[in-house]
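Observations on the model geometry
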Protein chains: 2
Amino acid sequence: MRQSQLFTKTLKNVAKDEQSVNAQLLERGGFAYKNFAGVYSYLPLGLKVLNKVINIIREEMNAIGGQEVMLNTLQDPELWKKTDRWSDASVDIWFKTRLKNDAELGLGYSHEEPLTEIMSHYISSYKDLPAYVYQFQTKFRNELRAKSGILRVREFLMKDLYSFSRTAEELEEFYEKAAQAYLKIFQRAGLGEVTYRTFASGGIFSKFSDEFQTVCETGEDTIYLDRKKRIAVNKEVYQDDVLKELGLNKKNLDEVKAIEVGNIFKLGARFSEPLGLNYTDGSGKKHPVIMGCYGIGPGRLMGTIVEVMHDSRGIIWPESVAPFKVHLVDLNKSGEKLYETLLSAGIEVLWDDREASAGVKFADADLIGIPLRAVVSEKTGDKIELKKRNEEKIELVDIKELLKI
Amino acid sequence: MRQSQLFTKTLKNVAKDEQSVNAQLLERGGFAYKNFAGVYSYLPLGLKVLNKVINIIREEMNAIGGQEVMLNTLQDPELWKKTDRWSDASVDIWFKTRLKNDAELGLGYSHEEPLTEIMSHYISSYKDLPAYVYQFQTKFRNELRAKSGILRVREFLMKDLYSFSRTAEELEEFYEKAAQAYLKIFQRAGLGEVTYRTFASGGIFSKFSDEFQTVCETGEDTIYLDRKKRIAVNKEVYQDDVLKELGLNKKNLDEVKAIEVGNIFKLGARFSEPLGLNYTDGSGKKHPVIMGCYGIGPGRLMGTIVEVMHDSRGIIWPESVAPFKVHLVDLNKSGEKLYETLLSAGIEVLWDDREASAGVKFADADLIGIPLRAVVSEKTGDKIELKKRNEEKIELVDIKELLKI
């Protein structure tokens, strides 16, 4: 893409109330725009990153048998009353609205109820199970205080997968598969090293749930980390009996701050029973379907990447989610041929063809954080000055070498 | 995909209150699920079709210079008060909700206001223009009566593009480009023959807007059609002076029912003035930016395709938006090798590997409406019985010939 045609520009400053690093850098770089507290828009560069994050998640969900759907935002209270999740006393983050006839509706903050109801039309026999269904959808949560930039917001995209199994053992088997898929996602998104599977409080059906926590000073959560075993315990279940059960020793645990980038949860029959999602086994006996749920917020993951990977000059995107692979910084209007060559080779490139000083162009390249900076100028002749965003070393290469990268 | 693993099943009947053909067929085929009046979910087959429609639209919007974003659903009343579109007296389709502190918010039914506000941070000089920005986003409209299946609903995906130009002439130029892109979209989606650019009522800034109307008996709109000139006039502007202005003769016009599948509208300074979106020209003089807006609902387009292209047995998808290219109907469990071969060749195939009778499989194939049915059975040996969904002719071919299709 030609940078001169990008409608966004980098900004020197953002609103004073924007405390978090992720929002500051994403707004300054032209990735995101804060509409008001807890509500952000994704601009072209930001949407490119978000879509790469989404595609990584989608590929891993498909790999474990997920089938993608797109469910409704507007929610019918009748369904949610059956599971006792409609009243503001039981769920305090609903946004509610009304139809013209004054009937109340809610804006979906999660989708166990509508999907369980849908599945009850398609599942009746043990032969129909297991099934794994997921979506990417905007969720609405009426948070008292939105905070941490794009990490805790009032509307956000979420990948939510729900599993439908015959037995607790079948759920357990898929749950482990999903946990491994989650670790793969964080690995691919560049957060593998600093993200830990973390024991957290469970529910009626199981003692623990699993969170995926990314170690980061600005995180909201406190976890206790066994770096060697690569597992952690959330502060909420950091008790002697729990540590004993998990075979962890306090001496080996570090207390660190972390950002929750995903969580998976065994639901058992919590939703299938009140909503009548049953199956009959081989002998004709009826059982409730055993469910699990598996969430990741692609926007939160993107914000976490920025929190973890930046320096004083800007963002340092991992290649897998970067908006472009190469930032072609053109200092003497000689880049067009190279731009076309890179495009033909299928390399995603942002060509800085703007009328601007070298200083402005270099500062913007650092702020935007594309992994590879390729400079052409009078000085470089027919060579290209190549620099990785996360290294200081500068190399002089020719086009052939650049194409191999 | 293996049909045995698809969690949906075809249904014999749908709810009695479902009058429209599109909803009946989409629900029976497992494409969509009606959550409640005016609110539908997209199931795996339906989401595949929807995504193909979206991709056609995205390609054509990118081709005319569109830059994709994703804006906010939750809307700040202050912005909409500035353009006098907040009160229920001026806009009667708002869904409204409240924050915990009781501040009112709206659910976006269109996005002129938030995008104009965003652009005011990036546009200041004539050098920043023109710009074309679009998104695919769920809109919410509090319709008194939802009707016509997925055609008139309370929440729906919309592609909305907004153009930002310096002058009326520059707007005009892009407006015509956008109109041509729209015709291309309907052509690619299989509705080219029956979709007409239609003069409809304009606003303050221009006498007419342009609708794109697909001729269909079940349409809500009445248009007057000049088949030879391939243009039409909406009933709302069907007046002698208008016909004269457009060079149309009543004698050559047919009155037909039609479905509005897109519309484009010149906005002028209607939003840029109250929201302060200005630019300075070369001599330093300030002007309001001249805007246009361009809408298509991918779900409505999908529903219209079904209304236009079906028979008594089911849907007849055009190849460009079909969920799969080939429906491999396997009558003797001999299809696996062919399935793998088609997949390796990059052909999208739904393999009916279910335990079911030939009659059930054929009926389901007709209902789901994949363009090409490939039957393997004891009778066909190492050949394949090929039939197009929209033809009666059956051909016996070998794998090589099938791969060429």
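How each quantity is defined
- Residues numbered from 1 in each chain as written.
- Chains lettered and ligands numbered in written order.
- Predicted model: local features only at pLDDT ≥ 70, side-chain atom pairs only at ≥ 80, totals over all residues.
- Domains from an automatic or database assignment.
- Contact = placed C-beta atoms within 7 Å.
- Nonpolar A, V, L, I, M, F, W, Y, C, P; charged D, E, K, R; others polar.
- Axes fitted to C-alpha atoms, helices over the stretch in contact; angles between N-to-C directions.
- Helix = DSSP H or I, 4+ residues; strand = E, 2+ residues; numbered from the N terminus.
- Parallel < 35°, antiparallel > 145°, perpendicular 65-115°, else oblique.
- Left-handed = near helix turned anticlockwise from the far one by under 90°.
- Buried ≥ 20, exposed ≤ 12 C-beta atoms within 10 Å, placed from the backbone.
- Pairing = 2+ DSSP bridges.
- Arc of directions from axis to C-beta.

1. Side note on the domain arrangement of chain A
Residue and element names in this part refer to chain A. The domain architecture assigned to chain A consists of domain 1 (3–311) and domain 2 (324–404). Distance from the C-alpha centre of domain 1 to the C-alpha centre of domain 2: 37 Å. Counting residues at the interface gives six residues for domain 1 and eight residues for domain 2. Looking at the side of domain 1 that touches domain 2 residue by residue, the classes come out as one nonpolar, four polar and one charged.

2. A look at the packing of helix H2 (residues 44–63) of chain B against helix H8 (residues 298–308) of chain B
All names here are of chain B. Closest axis-to-axis distance for the H2/H8 pair is 9 Å, and the angle between their directions is 115 degrees. Viewed along their axes, H2 and H8 adopt a mutual orientation that is roughly perpendicular. Note on packing geometry: the crossing formed by H2 with H8 is right-handed. Of H8, the residues touching H2 (which contributes Val49, Leu50, Val53, Ile54 and Ile57) are Pro298, Gly299, Leu301 and Met302.

3. Some thoughts on the environment of A:Glu220
Residue and element names in this part refer to chain A. Its location among the elements puts Glu220 in the loop between strand E10 (208–215) and strand E11 (221–226). The class of Glu220 is partly exposed, set by 13 C-beta atoms lying within 10 Å. Residues Glu220 and Lys383, 163 residues apart in the sequence, show an inter-C-alpha distance of 47 Å. When near neighbours in sequence (up to four residues on either side) are disregarded, Glu220 contacts Ser148 and Ile259.

4. Quick word on the interface of chain A and chain B
Taken together, the contacts link 37 residues of chain A with 37 residues of chain B. Those elements that place two or more of their residues in the side of chain A that touches chain B are strand E1 (32–36), strand E2 (39–42), helix H2 (44–63), strand E3 (67–68), strand E5 (95–98), helix H4 (112–119) and strand E7 (131–140) of chain A. For the side of chain A that touches chain B, the per-class residue count stands at 21 nonpolar, nine polar and seven charged.

5. Side note on the sheet that holds strand E23 (residues 394–397) of chain A
Residues and elements named next belong to chain A. Overall, mixed pairing links the five strands, which are arranged E20-E19-E21-E22-E23 in an open sheet. Whereas interior strands pair on both sides, the edge strands pair on one side only; in this sheet they are strand E20 (349–352) and E23. On average, each strand axis in the sheet is inclined to that of its neighbour by 25 degrees, with strand direction left out of account. Bridge analysis of strand E19 (residues 326–330) against E20 gives four bridges, and the strand direction is parallel.

6. Things to note about the sheet that holds strand E6 (residues 104–107) of chain B
Residues and elements named next belong to chain B. In spatial order, the strands read E4-E6-E5; together these three strands make up an open sheet with antiparallel pairing. One side of each edge strand has no neighbouring strand; the edge strands of this open sheet are strand E4 (74–75) and strand E5 (95–98). Across two bridges, E4 lies against E6 in antiparallel orientation. Opposite Gln75, over in E6, you have Gly106 as the bridge partner.

7. Notes on helix H9 (residues 336–344) of chain B
Residue and element names in this part refer to chain B. Taken together, the buried positions of H9 are Leu338, Tyr339 and Leu342. Projected onto a plane normal to the axis of H9, the buried residues spread over an arc of 105 degrees and lie on a single side. Away from its buried face, by an angle of more than 90 degrees, H9 presents the exposed residues Lys337, Glu340 and Ser344. Contacts from the buried residues of H9 go to strand E19 (326–330), strand E20 (349–352), strand E21 (372–376) and helix H11 (399–404).

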